[in-house]
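Here is how the chains run, residue by residue.
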Amino acid sequence: MKRREAREKAIQTLFQLENTELTVDEAITYIIEEPANSFYEMLVRGTVQNQEAIDKSLTGNLENWSLDRLPKIERTVLRLAVFELLFNDDVPDRVVLNEAIELCKTFGDEKSGRFVNGVLSKFTKNK
């Protein structure tokens, strides 16, 4: 599984986990059938385990928005991207931003990509 596909599957898993009683392991088995890719698992488990810190960091970079008001896909993409920016030094910030925008194009719309780009750009400047 390539990293882009791992990120797409991670978004699907995290999206599914929000507001459900599923465990991370249950959500993972709904999304992928083969043995989990280590990068994919790191993204999903890391985002879930660090969600409180991620949300706190995100909240400080949202202008005129609260995390709860964000559409679910944008919130999910932002959480994944901020996880990578804060906790994964293997990937350059620019790549994380580009991947987040592409994920928005895949799962959201054109406005989603622009919004996420703006929030993440501000986040990386304040990082």
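Residues numbered from 1 in each chain as written. Predicted model: local features only at pLDDT ≥ 70, side-chain atom pairs only at ≥ 80, totals over all residues. Heavy atoms only, no water.

### A few points about the packing of helix 3 (residues 38–49) against helix 5 (residues 72–87)
Basically, it comes down to this: Simply put, an axis is a line fit to the C-alpha atoms, just over the touching stretch for a helix, and the angle between two N-to-C directions goes from 0 to 180 degrees. Strands here mean DSSP runs of E at least two residues long; helices mean DSSP runs of H or I at least four residues long; both are numbered from the N terminus. Our angle categories are set so that under 35 degrees counts as roughly parallel, over 145 as roughly antiparallel, 65 to 115 as roughly perpendicular, and the remainder as oblique. Contacts are assigned to residue pairs that have any heavy atoms within 4.5 Å of one another. Following the grouping adopted for this structure description, the nonpolar residues are Ala, Val, Leu, Ile, Met, Phe, Trp, Tyr, Cys and Pro, the charged ones are Asp, Glu, Lys and Arg, and the polar ones are all others, Gly among them.
Two numbers describe how helix 3 lies on helix 5: the axes approach to 9 Å, and their chain directions differ by 105°. Classified by the angle between their axes, helix 3 and helix 5 sit roughly perpendicular to one another. Between helix 3 and helix 5, the contacting residues are F39, M42, L43, G46 and T47 on the first element and R79, L80, F83 and E84 on the second. In terms of residue class, the contact of helix 3 with helix 5 is built from 5 nonpolar, 2 polar and 2 charged.

### A short note on helix 2 (residues 24–31)
Formally: Buried means the residue's accessible area, taken with a 1.4 Å probe over protein chains only, is under 20% of the maximum for its type, while exposed means over 50%, and partly exposed covers the values in between. Arc definition: directions from the helix axis to the C-beta atoms.
Within helix 2, burial applies to V24, A27 and I28. All buried residues of helix 2 project into a common sector of 100° when viewed along the axis, lining one side. Within helix 2, the exposed residues directed more than 90 degrees away from the buried face are T29 and Y30. Contact partners of the buried residues in helix 2: helix 1 (3–17) and helix 3.

### Examining the pattern of salt bridges
Note the following rule: Salt bridge criterion: a side-chain nitrogen from Lys or Arg within 4 Å of a carboxyl oxygen from Asp or Glu.
In this structure the tally under the stated criterion is 10 salt bridges. A salt bridge links R45 to E41, with the nearest nitrogen and oxygen atoms 2.7 Å apart. Of this pair, R45 and E41 both sit in helix 3, 4 residues apart, roughly one helical turn. When its relative accessible area of 25% is taken as the criterion, E41 is described as partly exposed. E102 is paired through a salt bridge with K105; the nearest N and O atoms lie 3.4 Å apart. Of this pair, E102 and K105 are both found in helix 6 (residues 93–107), 3 residues apart, which corresponds to roughly one turn of the helix. Residue class for K105 comes out exposed when judged on its relative accessible area of 53%. Each of the salt bridges in this network shares a partner with another, and the network as a whole consists of R4, R7, E84 and E99.

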